[in-house]
Structures are given as structure tokens and as C-alpha cells.
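Structure assessment
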Amino acid sequence: MFFDTLITGANNLVWSLPLVGLLLLTGLYFSLRTLFLQVRCIPDMLAQLKKGEASPDGTSSFQSLMMSLAGRVGMGNIGGVATAIAIGGPGAVFWMWLIAFLGAATSFVECTLGQIYKEKDKDTGEYRGGPAYYIEKAFKHTAAAPAFLVYAIVFSIVTVVAMCFFLPGVQGNGMASAAYEAWGLPHWVTAVGVVILLAFIIIGGVKRIAHFAVLVVPVMAILYIIAALIVFFVNFDQIPHVFGLIFSSAFGAHAVFGAIVGKAVEMGVKRGLYSNEAGQGTGPHAAAAAEVSHPAKQGFAQSFAVYIDTLFVCTATAFLIISTDMYQVFQGPDEELIYAGSVPEGTDYGPEFAQNGFESVFHGLGPTFVAIALFFFAFTTIVAYYYMAEVNLTYLSRWIPNRTARRALVRFLQALILVAVVYGSVTTTGNAWALGDIGVGAMAWLNVVAILILQGPALKALKDYQQQKKAGKDPQFDPRLLGIKNAEFWELRADGLVRHGETGEDLEKKVAGRSSVHAGTPRSAGRFPGVRGEAPGGDLRLIH
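This brings us to the overall build of the protein. Assigned secondary structure in the protein consists of 22 helices and 4 strands. Split into buried and exposed, the 544 residues of the protein put 61% on the buried side. Partitioning the intrachain contacts of the protein with sequence separation of at least 6 by distance along the chain shows that 81% fall at a separation of at least 24.

With that settled, consider the pattern of salt bridges. Under the counting rule described, the total for this entry stands at 14 salt bridges. It is possible to trace a salt-bridge network through shared partners that takes in Glu119, Glu136, Lys137, Lys140, Arg398 and Glu488.

Relative to the helices and strands, Ile196 resides in helix H11 (residues 187–202). Taking relative accessible area as the criterion, Ile196 reaches 57% and is therefore assigned exposed. Through-space distance from the C-alpha of Ile196 to that of Leu418 is 8.8 Å; in sequence the pair is 222 residues apart.

Looking at chain direction, strand E3 (residues 329–331) and strand E4 (residues 336–339) are connected through 3 bridges and run antiparallel. Paired with Gln331 across the bridge in E4 is Glu336. Where E3 hands over to E4, the hairpin turn is made up of 4 residues, of which Gly332 adopts a positive phi near 80°.

Let us now look at helix H4 (residues 42–51). Within the span of H4, buried status applies to Asp44, Met45, Gln48 and Leu49. Buried residues of H4, viewed axially, fall in a sector of 135°; they line one side. Those residues of H4 that are exposed and angled more than 90 degrees off the buried face are Pro43, Lys50 and Lys51.

As a further point, take the confidence of the model for the protein. Regions with low pLDDT carry predicted coordinates that are not meant to be interpreted in detail. In the predicted model, the protein carries a mean pLDDT of 82, and the fraction of residues at 70 or more is 84%. Note on residues 515–544: pLDDT under 50 across the span, and 61 contacts to partners over four residues away in sequence or across chains.

Okay, the nonpolar core next. Leu23, Ile135, Tyr224 and Tyr327 are the most contacted members of the largest nonpolar core, which has 157 residues in total. It is helix H18 (residues 366–396) that provides the largest number of residues to this core, a total of 18 residues.

Here we take up the packing of helix H14 (residues 261–276) against helix H16 (residues 295–323). Helix-helix packing is described using two parameters, namely the angle between the two axes and the distance between the axes. At a minimum axis separation of 9 Å, H14 and H16 run at an interaxial angle of 120°. As the angle between them shows, H14 and H16 are arranged oblique. The handedness of the crossing between H14 and H16 comes out as right-handed. Residues Gly272, Ser275 and Asn276 of H14 pack against Val306, Asp309, Thr310 and Cys314 of H16. By residue class, the composition of the contact of H14 with H16 is 2 nonpolar, 4 polar and 1 charged.

Here we take up a nonpolar patch on the surface. Together, Ile157, Val161, Phe165 and Tyr423 make up an exposed nonpolar region whose accessible area comes to about 320 Å². Top contributing element to the nonpolar patch by residue count: helix H9 (residues 145–166), with 3 residues. Following the sequence through the fold, Ile157 ends up in helix H9.

This part takes up unusual backbone geometry. Positioned with a positive phi, Phe36 is a non-glycine residue whose angle comes to about 55°. You can see Phe36 is positioned in the loop between helix H2 (17–33) and helix H3 (37–40). If you check the backbone angles, Asn486 has positive phi at about 70° while not being a glycine. Within the secondary structure layout, Asn486 lies in the loop between helix H20 (429–470) and helix H21 (488–494). By relative accessible area, Asn486 is classed as buried at 14%.

The subject of this paragraph is the packing of aromatic side chains. Remark: the centre distance and the inter-plane angle together describe each pair of aromatic rings, the angle taken between the planes. Within this structure, the stated rule accounts for 32 aromatic pairs. Ring centres of Phe165 and Phe166 lie 5.5 Å apart, and the angle between their planes is 55°; this geometry places the pair in the tilted category. A relative accessible area of 35% means that Phe165 is categorised as partly exposed. With a centroid separation of 6.2 Å and 20° between ring planes, the pair formed by Phe165 and Tyr423 is classed as stacked. Taken together, the residues span a long stretch of sequence, with Phe165 in helix H9 and Tyr423 in helix H19 (residues 403–426) at a distance of 258 residues. Its relative accessible area of 33% is what places Tyr423 among the partly exposed residues. Put simply, the rings of Phe94, Trp95, Trp97, Phe243, Phe247, Phe251 and Phe319 touch in pairs and so form one group of aromatic residues. The side chain of Lys118 reaches across the aromatic face of Tyr127, ending 3.9 Å from its centre. A cation over an aromatic ring shows up here: Arg398 above the ring of Trp399, its NZ or CZ 5.1 Å from the ring centre.

As a further point, take the environment of Ile451. Examined against the element boundaries, Ile451 turns out to sit in helix H20. Classification of Ile451 as buried rests on a relative accessible area of 0%. In this structure, the C-alpha to C-alpha distance between Ile451 and Tyr134, residues 317 residues apart in sequence, is 9.0 Å. Filtering out sequence-adjacent residues up to four positions away, Ile451 remains in contact with Phe30, Thr106, Val109, Glu110, Leu113 and Tyr134.

For Ser425, the position within the fold is in helix H19. Classification of Ser425 as buried rests on a relative accessible area of 2%. Residues in contact with Ser425, not counting those within four places in the same chain, are Gly172, Asn173, Ala176, His187 and Ala191.

Rules behind the numbers
Residues numbered from 1 in each chain as written. Predicted model: local features only at pLDDT ≥ 70, side-chain atom pairs only at ≥ 80, totals over all residues. Heavy atoms only, no water. Helix = DSSP H or I, 4+ residues; strand = E, 2+ residues; numbered from the N terminus. Buried < 20%, exposed > 50% of the residue type's maximum accessible area, 1.4 Å probe, protein only. Contact = heavy atoms within 4.5 Å. Salt bridge = Lys/Arg side-chain N within 4 Å of Asp/Glu carboxyl O. Pairing = 2+ DSSP bridges. Arc of directions from axis to C-beta. pLDDT = per-residue confidence, 0-100. Core = buried A, V, L, I, M, F, W, Y, C linked by side-chain atoms within 4.5 Å. Axes fitted to C-alpha atoms, helices over the stretch in contact; angles between N-to-C directions. Parallel < 35°, antiparallel > 145°, perpendicular 65-115°, else oblique. Left-handed = near helix turned anticlockwise from the far one by under 90°. Nonpolar A, V, L, I, M, F, W, Y, C, P; charged D, E, K, R; others polar. Patch = residues over 30% accessible without salt bridge, like charges linked within 9 Å, V, L, I, M, F, W, Y side chains within 5 Å. Areas by Shrake-Rupley, 256 points an atom, 1.4 Å probe, with all protein chains shown as cover. Phe/Tyr/Trp six-rings, centres within 6.5 Å; stacked < 30°, edge-to-face > 60°. Lys NZ or Arg CZ within 6 Å of the ring centre and 35° of its normal.

As C-alpha cells, then:
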């Protein structure tokens, strides 16, 4: 009982009204600063997904997007949407849409920063990056460097704890609950099966994670959306009612749901962030792993992930639930039922709403289909959580000189997330979601404040990309021409000193060995070679 009270108190503290307002206003601010790139730059987003290339050190833009979607598309897209509707009413769906639209601009900024300040792993040579890296590096040349180093370390610790303890439990619990509803499997049986599969994937490293995500994520998302659309169009006559209900409930105009409009906003933003993760600081980890010639390219690709997650997958779930009337709405701390819907008596809110929605059309298949879909959604999300935890552990272990000790920490991390999945699978649904909200909220507070402070390099990169594109060039990046400091990887790349297959230690030696003459000046005034020394073509003009 004390533990439940502690979790609830911490959740209420983290998810206070200021965080909801901060997320909405930050998204609006970046939308205005970038002139709504989430609309005008859609062609760039799609082009990057088609043209991006992988390398021995980095994933392609599409692979990176799939890794990011593996983290975004999960329990939040089924159980999260159902929970938002159960507590905030149908109006919560509108606020999920709004946070996704505004969040696409936030995602661009954070993911571009992740690319700008990425590094190569000391041991494997794979690209690593994320909020901890850009928080530390952006002001490394200033008197504020010690404070931002502490800030970065705090973010890394919070992320490792969130990704290994707080968040996996939600996914594990969702899989176990759906399997029990569909087939009567005990929760512990599901937990054991998931842990065995998860261990095989995560021990294989980032390349295996990327390969797994590329194979699974597109297929599972497309199948789920198609099935939900079939149900929606079977109930075609409900389309005006669904849209009318969402919009009237969102602004307090509905007779029943108007009383909980505040909860509609809170739950829409909370579950929207849990699902699309824009501003949470998770996207930059996958973004940094991509092989691109300009950081803005991956920023565009990651912005598109927000659309896929919320505007496609979450909307499919919402329309499925509302059009079939398979939902209930509760009010207040005692969860007083204010709308019963057509849900069978005794049904818990969560994946069960979607299972009953599918069951109304696909008789006998609803629970099974959702359980399978949720398994793939949640499993790939846990895999992505592990990857992000490993990136932050790698950041923290940079100060450990012994390679064996660093690898031992990674193995400990792998064991820890497996234990967390088992615990989450057998704990209560309420505690699982509360812990997940604490993890998401804590990361969001730290990351959103950071990107508001550090936004300059990302906006410079966007302007640089657009000017090069306007000149008919394939954009290439040299941070020194833009006045961006401490982006050592990109400086070395511009000077033709990056070779595929090198480790981070190899690059550190090159940084140390560069003469002071070239430390602040590009080696080529007009043209500069890319990775392996190829000339990308075209001049890069200085942006004033």
C-alpha cells in the first residue's frame, strides 16, 4: 500500500500541469521557429527515407526510423489510447493529435541535435548519441561546461533507470494481460517466453536490433492499421459521430464528457507523449545511429515517425474503439463510471477495449489478433528501450578505462532489463502505467528544458540544409562553417579523416593528433571530402 501511494505521489508530481503546458508550448514554439517544417518539409522527410544509406558504422535513415518507431509504436498505441479515452473521454484523442502535430517540430530539433553531437563507440565503432551527448557538448567550450556535464550525467542516469525499470513493465504487463484475455495464459508464462526472445535480440547489438526492427515494425503497423480500418468502414455510418464526439469532448461541449475536459487535455498529452515520444529524448538515440551526410536529413526522417505513430496507429485504435462503442469513461479518483458503452461487464480498460472492438466484427478472432499485434508492438518497444539504455550506459562508462569492465556493465544492463520485464508482467496494471509515466515524465522535463537552451545548432543546421538544397546540392555538413563547436565527428568527416570500421578510440587519437593550425579552420575552403575521402561535390557557403 505504501509503495502504491509513493508511486501515485511521484506520478502526480512529475506529471503536473506545468509539464503538460511546457510540452504544448515547446511544440508550438519550434513549429513557429521552423515555419512549420512538419508541413512544408514532408517531401524532404519522404525523400530521406528512400535515399538514406547504411554503413558498417551506422544504420540507414529508414533503419534508424524503424528503430525509433520500435520504441514509439507499442503498448501506448493500443492500451495507452484506451486508457486516455477511459479517463479523459473521446476528447483526449484530439489532444493526442495536437501534441503529435506540434511534437513533430520538437522531434526535428532534438534528433538533429542528436546527429550533430554524435560519437563513435570506443569499443564497437558504432555511432552513439542522444540528449546526454548534446547536453554535455554544446557548451563544452564555455564556463558553463561543468554544470552541463552534471546535467548530462543526470539525464543519462534517469534514462538508464527509466528504460530498464520504469518503462519495460508497461509493455510486459500489456503483453501478459492480452495473452491472458485471449488464451488464458498465466502471466508468468508470457514473461518467460518474452525474456528468452528478448535476450537473443539484445545480445546481438545495435545491428541486430536495427535488422529486427526493419523486418517487424512496418509489417505489424500496416496489418494493424488495415484491420482497424476494416472495422471502421464496417461501421461507416459512425464516421460523423466519431469526429463529432472527439471534437465536442475536446472542448467541453459534450453533455456527458464536458465535465472532464481538463482530464481530456492531460490524458491526451500524457498518452500522446508516451506513444510518440516527441520531446522525451528517446528519438535522438536512434537518430544518432544513422549514416547521413547532414544532421538535418535525419531530423526530417525522425519527424515523420511522430506522424506514423500517432496520426496513423493511435488514430486507428481510437476510431476502432469509438466506432464500435467498446469503451467506458470514468471520472474522479474513485473512478466513477459516467459512460458504460457496449463493453461487456467486468472488462478492464486497456487492450481489452480494442480486443472487444475487433471481436464485434471478426467474431472469435478479436482477442487473439490484438494479443498478437500487441506482442509485436510491445516486444519491439522493449528492444528499443534496451538500445537507449545501452547508449546512455555507454556514455556513463566512457570514464572507465578498462574495456572488460565496460562490457561487464553492458551484460549487467541486459540482465536488469530482463528482470524488469518479468516484474512488469506479473505486477498490477495500475502500478505498471504509473511507473511508466514517471519515467517518461522525468525524461521529458530534463530533455525539453535542454533543447530549449541548446536549440541554436539545430536551427543553424536546418538553415544550412535549406540553402544547400536551394543551390541544387546534396547537403554536406561542416559545423565549423556554421560556428558550431564540439561536433568533433563532423569536423573529422569534413576533413576526410573518418574511416568506416574505426572505433571511437581511433577517432580520439586523430582529434588529439590534429595540429592547432587546423583545429578551428576547415582544411578546404570550398570543397571538403566526406567519409572515406569521397568528394561530395558542390561548395558550402558560409551562413551568416
